[in-house]
Amino acid sequence: MAEIDPYRIGIGYDVHALVPNRKLYIGGYHIPHSHGAIGHSDADVLLHALCDALLGATAQGDIGQHFPDTDPKYKNINSSYLLKQVLNMLPQHHILNMDATICLEKPKLAPHIYPIRQNLSKLLDTSPNHISVKATTHEGMGFVGKGKGIAAHVVVLLKGI
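Owing to the predicted nature of the structure, the values given are computational and were not obtained by experimental measurement.

Peer 1: Outline the packing of helix H1 (residues 45-57) against helix H4 (residues 113-124), supporting the account with residue identities and numerical values.
Peer 2: One can describe the packing of H1 onto H4 by two numbers: an axis separation of 13 Å at closest approach and a directional angle of 40°. Considering the angle they form, H1 stands oblique to H4. Classified by chirality, the crossing of H4 by H1 is right-handed. Seen from H1, the contacting residues are Leu 46, Leu 47 and Leu 50; seen from H4, they are Ile 116, Leu 120, Leu 123 and Leu 124.

Right, dumping it as structure tokens:
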């Protein structure tokens, strides 16, 4: 049996374009807004980046390898389901800490940070004290700054059990 490393760190990143008349999900939480992220699934950038961070920490590839956007069974799928599948791939690891930054011009995320953290706490079966979610803008620069997209960066620290 392979030895479990005591600690593993993973980094995840995801981006999606924003389009009118589509729901915006961040961390499995619906945020009312005129624009939402477009993608093969529900385009939840935070959950996608989190999946990549978890998979990266355990050297299991990336979200696209496990849930390809060419597979019709993942069309419009809830990203919370994808996260649950990823968590099932690492039963011998415990999440010690997750730190995320969401890059988005509008809407302002400050009123939504607490409910996003609460939802992530439930999805990850950990305390909200182990989950940090921050938001920033791109000050009008690039696709995020021009309101055409959303990005997420996530870092996780896992402990082998």
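Peer 1: Give me the lowdown on the side chain of Ser 79, citing residues and values where you can.
Peer 2: Inspection of the secondary structure puts Ser 79 in helix H3 (residues 79-88). Beyond its immediate chain neighbours, meaning those up to four positions away, Ser 79 contacts Ser 41, Asp 42, Ala 43, Asp 44, Leu 47 and His 48.

Peer 1: Explain the pattern of salt bridges residue by residue, including any values.
Peer 2: A full pass over the atoms with the stated rule returns 1 salt bridge. Residue Lys 134 is joined to Asp 99 by a salt bridge in which the shortest nitrogen-to-oxygen separation is 2.5 Å. Taken as a pair, Lys 134 in strand S6 (residues 131-136) and Asp 99 in strand S5 (residues 93-103) lie far apart in primary sequence, 35 residues in all. Since its relative accessible area comes to 30%, Asp 99 is described here as partly exposed.

Peer 1: So what about the environment of Ile 11? Which residues, and what values?
Peer 2: Residue position: Ile 11 is located in strand S1 (residues 7-20). According to the relative accessible area criterion, Ile 11 is exposed, its value standing at 66%.

Peer 1: Break down the pairing of S6 for me, citing the residues and quoting the values.
Peer 2: Two strands pair when backbone bridges link them, and S5 and S6 are joined in this way by 6 bridges, in the parallel orientation. The partner of Ala 100 across the bridge, within S6, is Val 133. Once you follow S5 into H4 and on to S6, the crossover reads as right-handed.

Peer 1: How would you sum up the confidence of the model for the protein chain? Please name residues and give values.
Peer 2: Per-chain confidence: the protein chain averages 94 in pLDDT, with 98% of residues scoring 70 or above. The least confident element of the protein chain, judged by mean pLDDT, is helix H5 (residues 142-145) at 94; the most confident is S6 at 98.

Peer 1: Explain the state of the cysteines to me, and be specific about the residues and the numbers.
Peer 2: For the structure on display, the rule yields 0 disulfides. Cys 51 forms no disulfide, and the closest cysteine sulfur to it belongs to Cys 103, at a distance of 18 Å. With a relative accessible area of 1%, Cys 51 lands in the buried category.

Peer 1: Could you give me a rundown of H4, with the residues and numbers involved?
Peer 2: Taking 1.5 Å per residue, 12 residues should reach 16 Å; H4 reaches 16 Å between its end C-alpha atoms and fits that length. Elements in contact with the buried residues of H4: strand S2 (24-26), strand S3 (29-31), H1, H3, S5 and S6. Backbone geometry just after H4 places Asp 125 at a positive phi near 55°.

Peer 1: Account for the sheet that holds S6, naming residues and giving values.
Peer 2: Strand-to-strand pairing in sheets goes through backbone hydrogen bonds, with the strands running parallel or antiparallel. Spatial ordering of the open sheet is given by S4-S1-S7-S5-S6, a layout of 5 strands whose pairing is mixed. The open sheet has two edge strands with one neighbour each: strand S4 (35-37) and S6. The sheet shows a mean angle of 20° between the axes of neighbouring strands, direction not considered. Both S5 and strand S7 (residues 149-160) contribute to a ladder of 10 bridges, which runs antiparallel. In the sheet register, Ala 100 faces S7, and the bridge partner there is Val 154. In the packing of H1 onto the sheet, contacts are made with S1, S5 and S7, and the angle to S1 comes to roughly 155°. Across the sheet, H4 is in contact with S5 and S6; its angle to S6 comes to roughly 145°.

Conventions used here
- Residues numbered from 1 in each chain as written.
- Predicted model: local features only at pLDDT ≥ 70, side-chain atom pairs only at ≥ 80, totals over all residues.
- Heavy atoms only, no water.
- Axes fitted to C-alpha atoms, helices over the stretch in contact; angles between N-to-C directions.
- Helix = DSSP H or I, 4+ residues; strand = E, 2+ residues; numbered from the N terminus.
- Parallel < 35°, antiparallel > 145°, perpendicular 65-115°, else oblique.
- Left-handed = near helix turned anticlockwise from the far one by under 90°.
- Contact = heavy atoms within 4.5 Å.
- Salt bridge = Lys/Arg side-chain N within 4 Å of Asp/Glu carboxyl O.
- Buried < 20%, exposed > 50% of the residue type's maximum accessible area, 1.4 Å probe, protein only.
- Pairing = 2+ DSSP bridges.
- Right-handed = clockwise from strand over helix to strand, strands pointing away.
- pLDDT = per-residue confidence, 0-100.
- Disulfide = S-S within 2.5 Å.
- Expected span 1.5 Å × (residues − 1).

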